[in-house]
Amino acid sequence: GQSLEQPSEVTAVEGAIVQINCTYQTSGFYGLSWYQQHDGGAPTFLSYNALDGLEETGRFSSFLSRSDSYGYLLLQELQMKDSASYFCAVREGGGNKLTFGTGTQLKVEL
Amino acid sequence: GAVVSQHPSWVICKSGTSVKIECRSLDFQATTMFWYRQFPKQSLMLMATSNEGSKATYEQGVEKDKFLINHASLTLSTLTVTSAHPEDSSFYICSARRASRANYGYTFGSGTRLTIV
């Protein structure tokens, strides 16, 4: 079966750095993506890793270790607007469908 | 680029009625679209993969006769919730992927908040 596990909640203060982990077990693997979703909104793409290592996009970075079936999203210089839910997702081959992780609710406090 | 428009954004219906949700790719052609359902404080659960010109592929446990999907053109997929009941109340989101983007490029609609009373 498919499973992508994330911590349910993370709290951090404005200006801090936070790491959101994702461990996955899927039948196919064509890359790990990260999405942000504010309450009532659509998921928006943040970052993608097809190969092992770190990808940096502004304040957001994402890491992947395929041998460990593990990845994380790193958010730097946290801002209040970063309070949202964050999902990792694995793209499977063939049908190209995305399977989403359990989601992490990030709360940024003053 | 890569805009997906979803309508309506919210709808309230009486139990027993059918509701149609539209998902359009505005600036690209999408041979495949995806329909998700999301309950409060939970993750996005894939319901089905909509394929242009052919039948949709449903995930295990999703009732094909209840959630009718039609993908008649390269820019439009519709999800019809038939004989809706309160337990069908949820947030429905569509997604499309640009055929030319190999690594990523999934764009999501703004979602439809469906409430059955």
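Details of the structure are given in the entry above.
Okay, so let's go over this structure. The structure presented is a predicted model; accordingly, all values stated were derived computationally and were not measured.

Regarding the state of the cysteines
Scanning the model with the defined rule gives 2 disulfides over all chains in all. Cysteine 22 of chain A shares a disulfide with cysteine 88 of chain A; S-S distance 2.1 Å. Where cysteine 22 of chain A bonds to cysteine 88 of chain A through sulfur, the torsion about that S-S bond is close to 70°, and the disulfide is right-handed. You can see cysteine 22 of chain A sitting in strand β3 (residues 18-25) and its partner cysteine 88 of chain A sitting in strand β9 (residues 84-91), a full 66 residues away along the chain. Residues cysteine 22 of chain A and cysteine 88 of chain A agree in their burial class; the two are buried. Across the disulfide, cysteine 23 of chain B is cross-linked to cysteine 94 of chain B (sulfur-sulfur distance 2.1 Å).

Some words on the interface of chain A and chain B
At the interface, 18 residues of chain A touch 21 residues of chain B. Of the roughly 1,600 Å² buried between chain A and chain B on both sides combined, carbon and sulfur atoms contribute 56%. The largest contributions to the chain A side of the interface with chain B come from Lys97, Leu98 and Phe100 of chain A, which together make up 27% of the buried area. Our count for the chain A to chain B interface comes out at 1 salt bridge.

Rules used in this analysis
Residues numbered from 1 in each chain as written. Chains lettered and ligands numbered in written order. Predicted model: local features only at pLDDT ≥ 70, side-chain atom pairs only at ≥ 80, totals over all residues. Heavy atoms only, no water. Disulfide = S-S within 2.5 Å. Helix = DSSP H or I, 4+ residues; strand = E, 2+ residues; numbered from the N terminus. Buried < 20%, exposed > 50% of the residue type's maximum accessible area, 1.4 Å probe, protein only. Contact = heavy atoms within 4.5 Å. Buried area = accessible area lost by both parts, 1.4 Å probe. Salt bridge = Lys/Arg side-chain N within 4 Å of Asp/Glu carboxyl O.

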